[in-house]
Amino acid sequence: MATNEPQMTWERMCAAINEEFLREGEPNIDHLRECMQAYTSNISDWEKYNMFDPQRIRYTRNLVDEGNGKYNLIVLCWPEGQGSPIHNHAGSHCLMKILRGPLKETMFAWPSKSEEGDEYPEQSMQEIRCSIYQTDEVAYINDSLGLHRVENPSHTDGSVSLHLYIPPITLCEAFDDNTARTRTCKMKFDSRGGEQVATD
């Protein structure tokens, strides 16, 4: 049966995400996921955020919307074969929409802590599952579900994803695959609103 619902354009998706945070109370994660799922990726919509590392040796983080401090909407560009370390999300929700796939997500269990409970003894990270996401699929993670690593499994084409972080993440912990040792990573942007950020 035909509906009169307007198509979910990039602009409508971004506006719908913003509107969710104008309400009182906690944002509806399921509704936000539906908004992102309803949008069909078109490179002409997000081309100005499609900024890859010129040397193609790391992924880039390109800010779309700061969300008035309540959320960040970011386009990540993944060169061939490049990915993130295993990391947490510092208590935030993360929705990931694939704008151009594929992207591989590997989930890991939290490492076991010492008897004192304040640090991680040396240990290998334990994989829970692995998923390959294609264009227009949406994935979700928060710290209660575990840790993850995201990477582009292709060695011939770059991948692009749209990430919604609630609230914004300024710092996260990265975990070594073989030892579970952690390091704190400061989240930086390579571009804002389609304009490249100057580097030191």
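Everything in this summary refers to the structure shown in the same document. (Residues numbered from 1 in each chain as written. Predicted model: local features only at pLDDT ≥ 70, side-chain atom pairs only at ≥ 80, totals over all residues. Heavy atoms only, no water.)

1. What about the sheet that holds strand β12 (residues 191-192)?
Strand order in the open sheet formed by 7 strands is β7-β4-β9-β2-β1-β12-β13, and the pairing between neighbours is mixed. Only two strands of the sheet have a single partner each, and these edge strands are β7 (138-141) and β13 (195-196). Of the strand pairs in this sheet, β12 and β13 are connected by 2 bridges, and their pairing is antiparallel. Opposite S191, over in β13, you have Q196 as the bridge partner. The strands that helix α2 (residues 29-38) touches are β4 (93-100), β7 and β9 (159-166); relative to β4, the one it contacts most, it runs at about 5°. (Pairing = 2+ DSSP bridges. Helix = DSSP H or I, 4+ residues; strand = E, 2+ residues; numbered from the N terminus. Contact = heavy atoms within 4.5 Å. Axes fitted to C-alpha atoms, helices over the stretch in contact; angles between N-to-C directions.)

2. Observations concerning the pattern of salt bridges
Per the stated rule, a full pass over the model turns up 9 salt bridges. Note that R56 and E80 form a salt bridge whose closest N and O atoms lie 3.0 Å from each other. On the criterion of sequence distance, the pair formed by R56 in the loop between α3 (43-46) and β1 (60-65) and E80 in the loop between β2 (72-78) and β3 (86-87) is long-range, its members being 24 residues apart. On the basis of relative accessibility, which here comes to 33%, the residue R56 falls in the partly exposed class. For E122, the salt bridge goes to R181, with nearest N and O atoms at 3.3 Å. With E122 in the loop between β5 (103-108) and β6 (127-133) and R181 in the loop between β10 (171-175) and β11 (182-186), this residue pair connects regions lying 59 residues apart in the sequence. Just as E122 is exposed, R181 falls in that class too. By sharing partners, the salt bridges in this structure join R149, E151 and D177 into a single network. (Salt bridge = Lys/Arg side-chain N within 4 Å of Asp/Glu carboxyl O. Buried < 20%, exposed > 50% of the residue type's maximum accessible area, 1.4 Å probe, protein only.)

3. A short note on the state of the cysteines
Using the criterion set out here, one finds 0 disulfides in the structure. Distance from the sulfur of C130, which forms no disulfide, to the nearest cysteine sulfur (C94) is 16 Å. With relative accessibility at 39%, the residue C130 sits in the partly exposed group. Summary of cysteine pairing: C172 is not part of a disulfide, and the nearest cysteine sulfur, belonging to C185, is at 4.8 Å. (Disulfide = S-S within 2.5 Å.)

4. Quick notes on the environment of P102
Structurally, P102 can be placed in the loop between β4 and β5. In the structure, P102 is positioned 30 residues away from I132 in sequence and 6.6 Å away in space, judged by C-alpha atoms. Leave out the neighbours within four places in its chain, and P102 touches I132, Y133, Q134, N152, P153 and S159.

5. Brief notes about unusual backbone geometry
Only a minority of non-glycine residues have a phi that is not negative, and only a minority of peptide bonds are not trans. With an omega dihedral of 5°, the bond running from G101 to P102 counts as a cis peptide bond. Of note, the amide linkage connecting I166 to P167 takes the cis form, showing an omega dihedral of -10°. The residue P167 is located in the loop between β9 and β10 in this model. Positive phi, close to 55°, is recorded for N68, a residue that is not glycine. Within the secondary structure layout, N68 lies in the loop between β1 and β2. Given the relative accessible area of 73%, N68 is considered exposed.

6. Looking at α2
I29, L32, C35 and M36 are the residues of α2 that are buried. Buried residues of α2, viewed axially, fall in a sector of 120°; they line one side. The exposed set on the far side of α2, more than 90 degrees from its buried face, consists of D30 and E34. Tucked inside the fold, the buried residues of α2 contact α1 (10-20), β4, β7 and β9. Measuring from the side-chain oxygen of the N-cap residue of α2 to the backbone nitrogen of D30 gives 3.1 Å; that N-cap residue is N28. (Arc of directions from axis to C-beta. Polar contact = N/O pair within 3.5 Å; in protein donor to acceptor, adjacent residues only side chain to side chain.)

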